[in-house]
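Read off the chains here:
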Amino acid sequence: MRRLVCCLIAATLPTVSASAEFRTGHEIKAGLEGWVSDQSTETVRDAIAFGYVIGVHDALAGLTVCIGQGVTQRQVVDVVLEFMRRNPEVLDVSADRVIAVALEEVWPCPKT
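Residues numbered from 1 in each chain as written. Predicted model: local features only at pLDDT ≥ 70, side-chain atom pairs only at ≥ 80, totals over all residues. Heavy atoms only, no water.

### Observations concerning the overall build of the chain
So the rule is basically this: Helix and strand assignments follow DSSP, with helices taken as H or I runs no shorter than four residues and strands as E runs no shorter than two, numbered in order from the N terminus. Each residue is placed in one exposure class: buried if its accessible area under a 1.4 Å probe, protein chains only, is under 20% of its type's maximum, exposed if it is over 50%, and partly exposed if it falls in between. The contact criterion used is simple: two residues touch if any of their non-hydrogen atoms lie within 4.5 Å.
When helices and strands are counted, the chain shows five helices and zero strands. Its helices and strands in sequence order give the chain the pattern α-α-α-α-α, from N to C terminus. Here the chain holds 112 residues, and 37% of them are scored as buried. Summarising the internal contacts of the chain: among those between residues at least 6 apart in sequence, 70% fall at separations of at least 24.

See the structure below:
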């Protein structure tokens, strides 16, 4: 599984390196950990991470990520955070790619 994840992310690196990286997986993971915690005092960081994940989801919705009805934003965040916890070796990559792989792993669109 780790090999597949690394290969999926590595396959997107040429497009990532050609554009500016605004956030890494590490930055977003820290914010998501705070978002799901009742103890965090970094509310701005945490809200940015939450919004970033939902924004990536919205950008991919219907293209490579197909989530059924009834899935909440919290479930989307939980899926991404769990993926990041299981795959710490990919957190140096641009956060949008990490999030995309996490979402596509759980909610891929049907092949046409």
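### Overview of the packing of helix 3 (residues 43-60) against helix 4 (residues 73-86)
Heads up, the rule is: Only the stretch in contact is used when a helix axis is fitted, and all axes are lines through C-alpha atoms; the angle between N-to-C directions ranges over 0 to 180 degrees. Throughout this description, any angle smaller than 35 degrees is read as roughly parallel, any larger than 145 degrees as roughly antiparallel, any in the 65 to 115 degree range as roughly perpendicular, and the remainder as oblique. Gly is put with the polar residues, along with every residue not named as nonpolar or charged; the nonpolar set is Ala, Val, Leu, Ile, Met, Phe, Trp, Tyr, Cys and Pro, and the charged set is Asp, Glu, Lys and Arg.
Running from N to C, helix 3 and helix 4 point in directions that differ by 95°, and their axes come no closer than 10 Å. Taken together, the axis directions place helix 3 and helix 4 in an arrangement best described as roughly perpendicular. In contact with Phe 50, Val 53, Ile 54 and His 57 of helix 3, helix 4 contributes Gln 73, Val 76, Val 77 and Val 80. Its residues placed into classes, the contact of helix 3 with helix 4 shows six nonpolar, two polar and no charged.

### Describing the packing of aromatic side chains
Geometrically, a pair of aromatic rings is defined through the distance of the ring centres and the angle of the planes. Counted only if it meets this: Two rings from Phe, Tyr or Trp (for Trp, the six-membered ring) form a pair when their centres sit within 6.5 Å of each other. Planes less than 30 degrees apart are called stacked, planes more than 60 degrees apart edge-to-face, and all others tilted.
Tallied over the full model, the rule gives one aromatic pair. Note on Trp 35 and Phe 50: the rings are 4.4 Å apart at their centroids and 20° apart in plane angle, and the pair reads as stacked. With Trp 35 in helix 2 (residues 25-36) and Phe 50 in helix 3, this residue pair connects regions lying 15 residues apart in the sequence. Residue classification places Phe 50 among the buried residues on the basis of a relative accessible area of 16%.

### With respect to the state of the cysteines
For clarity, the threshold we go by: Our working definition of a disulfide is a cysteine sulfur pair at a distance within 2.5 Å.
For the structure on display, the rule yields one disulfide. Across the disulfide, Cys 66 is cross-linked to Cys 109 (sulfur-sulfur distance 1.9 Å). The S-S bond linking Cys 66 to Cys 109 shows a torsion near 90°; that makes this disulfide right-handed. Separated by 43 residues along the polypeptide, Cys 66 in the loop between helix 3 and helix 4 and Cys 109 in the segment after helix 5 (95-106) bring together distant segments of the chain. With a relative accessible area of 14%, Cys 109 lands in the buried category.

### Looking at the pattern of salt bridges
Put simply, the rule reads: What counts as a salt bridge is simple: a side-chain nitrogen of Lys or Arg found within 4 Å of a carboxyl oxygen of Asp or Glu.
Within the structure shown, the criterion is met by five salt bridges. The salt bridge involving Glu 33 is made with Arg 85; its shortest N-O contact spans 2.6 Å. With a gap of 52 residues between them, Glu 33 in helix 2 and Arg 85 in helix 4 connect regions that are remote in the sequence. A residue is classified by how much of its surface remains accessible, and Glu 33, at 25% relative accessible area, is partly exposed. Here the residues in one salt-bridge network are Lys 29, Glu 33 and Arg 85, joined through shared partners.

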